[in-house]
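# Per-entry structural report
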Amino acid sequence: GQVPDLPDQLPMTENTQLIASILLNKLYDDLRCDPERDNYREICEEYIKSKFDPNDMDKNLHAIQTVSGLLQGPFDVGNKIVGMQGVMEMMVALCGSEREIDQMVAVEALIHASTKMSRATFIITNGVSLLKDIYKKTKNEKIKIRALVGLCKLGSAGGDDYSMRQFAEGSTEKLAKQCRKWLINPNIDVRTKKWAVEGLAYLTNDADVKDDFVEDEAALKAMFELSKSTDKTILYAVACT
């Protein structure tokens, strides 16, 4: 995950979590056989299970943050853990929490988890209304923009297959317009702007959205400036956009 201010968390730089995900992925790639990979997955599963606690929300946050980290590293492991009983349900439940930190961690996890169409379908069924609710009601820009990215990613699910498109015609253009507004806003911090680029990376799969973006000179300049940041997690989204 990329939320740096969880309770009881070790101090870190803006790139620490990305490096940890890369290290976890490297460890997984270096395993030599299926039994070793199964053991790796079981260790991760046991750790996640040990953190789930209905009476301690902070432990649940650490569990879901860990799932996000795995989804950005050894994706196969993270995807299997997302399929464990109660994990997706916990993400959706945290989205409905009144605590802002719960919402931020849960929305990020939903974004990472919805890469697989089967997961995206679950989130569309169970989480889209919550994401829309968070987007409309929260006054915290950091949460609002993450909720929007979740909607962007789900809105692009299905690609060119219109039978699988999740939102009404024109919705993706509206989402992209809001992302561009955030991108050029000088009052928004770099970490939050990064999520605006993430949203555009999904939405510019639509040719009309991409055409609008390349004609927006201010947004293009803002994106290129953002790519110069020391936060290297931005680069992939910029490249995809």
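One can find the structure itself at the top, above this paragraph.
So, a few notes on the structure that sits alongside this text. (Residues numbered from 1 in each chain as written. Predicted model: local features only at pLDDT ≥ 70, side-chain atom pairs only at ≥ 80, totals over all residues. Heavy atoms only, no water.)

### Examining the overall build of the protein
Secondary structure assignment for the protein yields 14 helices and zero strands. Ordered by position from N to C terminus, the α and β elements of the protein give α-α-α-α-α-α-α-α-α-α-α-α-α-α. Expressed as a percentage of the 241 residues in the protein, the buried residues total 48%. When contacts within the protein are restricted to residue pairs at least 6 apart in sequence, those whose partners lie at least 24 apart make up 67%. (Helix = DSSP H or I, 4+ residues; strand = E, 2+ residues; numbered from the N terminus. Buried < 20%, exposed > 50% of the residue type's maximum accessible area, 1.4 Å probe, protein only. Contact = heavy atoms within 4.5 Å.)

### Focus: the packing of helix 10 (residues 171–184) against helix 13 (residues 217–226)
In contact at an axis separation of 9 Å, helix 10 and helix 13 are set at 60° when each is read in the N-to-C sense. Taken together, the axes of helix 10 and helix 13 are oblique relative to one another. In the packing of helix 10 onto helix 13, the handedness of the crossing is left-handed. Contacts between helix 10 and helix 13 involve Arg180, Leu183 and Ile184 on the former and, on the latter, Ala218, Ala219, Ala222, Met223 and Leu226. (Axes fitted to C-alpha atoms, helices over the stretch in contact; angles between N-to-C directions. Parallel < 35°, antiparallel > 145°, perpendicular 65-115°, else oblique. Left-handed = near helix turned anticlockwise from the far one by under 90°.)

### Regarding a negative patch on the surface
A contiguous patch of negative charge on the surface is contributed by Asp208, Asp211, Asp212 and Glu215. Mapped onto the secondary structure, Asp212 falls in helix 12 (residues 207–214). (Patch = residues over 30% accessible without salt bridge, like charges linked within 9 Å, V, L, I, M, F, W, Y side chains within 5 Å. Areas by Shrake-Rupley, 256 points an atom, 1.4 Å probe, with all protein chains shown as cover. Salt bridge = Lys/Arg side-chain N within 4 Å of Asp/Glu carboxyl O. Lys, Arg positive; Asp, Glu negative; His and termini not counted. Charge placed at Lys NZ, Arg CZ, Asp CG, Glu CD.)

### A short note on the packing of aromatic side chains
Tallied over the full model, the rule gives two aromatic pairs. Between the aromatic rings of Tyr135 and Trp182, the centroid separation amounts to 6.4 Å while the plane-to-plane angle is 80°, which identifies the pairing as edge-to-face. Here Tyr135 is found in helix 8 (residues 128–137), whereas its partner Trp182 is found in helix 10, with 47 residues between them in sequence. Residue classification places Trp182 among the buried residues on the basis of a relative accessible area of 4%. Its guanidinium or amino end placed over the ring of Tyr135, Lys144 lies 5.0 Å from that ring's centre, counting from NZ or CZ. (Phe/Tyr/Trp six-rings, centres within 6.5 Å; stacked < 30°, edge-to-face > 60°. Lys NZ or Arg CZ within 6 Å of the ring centre and 35° of its normal.)

### Topic: the nonpolar core
Grouped together as the largest cluster of nonpolar side chains are 62 residues, with contacts concentrated most on Val67, Ile81, Met91 and Leu183. Residues contacting Leu183, with those up to four places away along its chain left out, are Lys193, Ala196, Val197, Leu200, Phe213, Ala219, Ala222, Met223 and Leu226. (Core = buried A, V, L, I, M, F, W, Y, C linked by side-chain atoms within 4.5 Å.)

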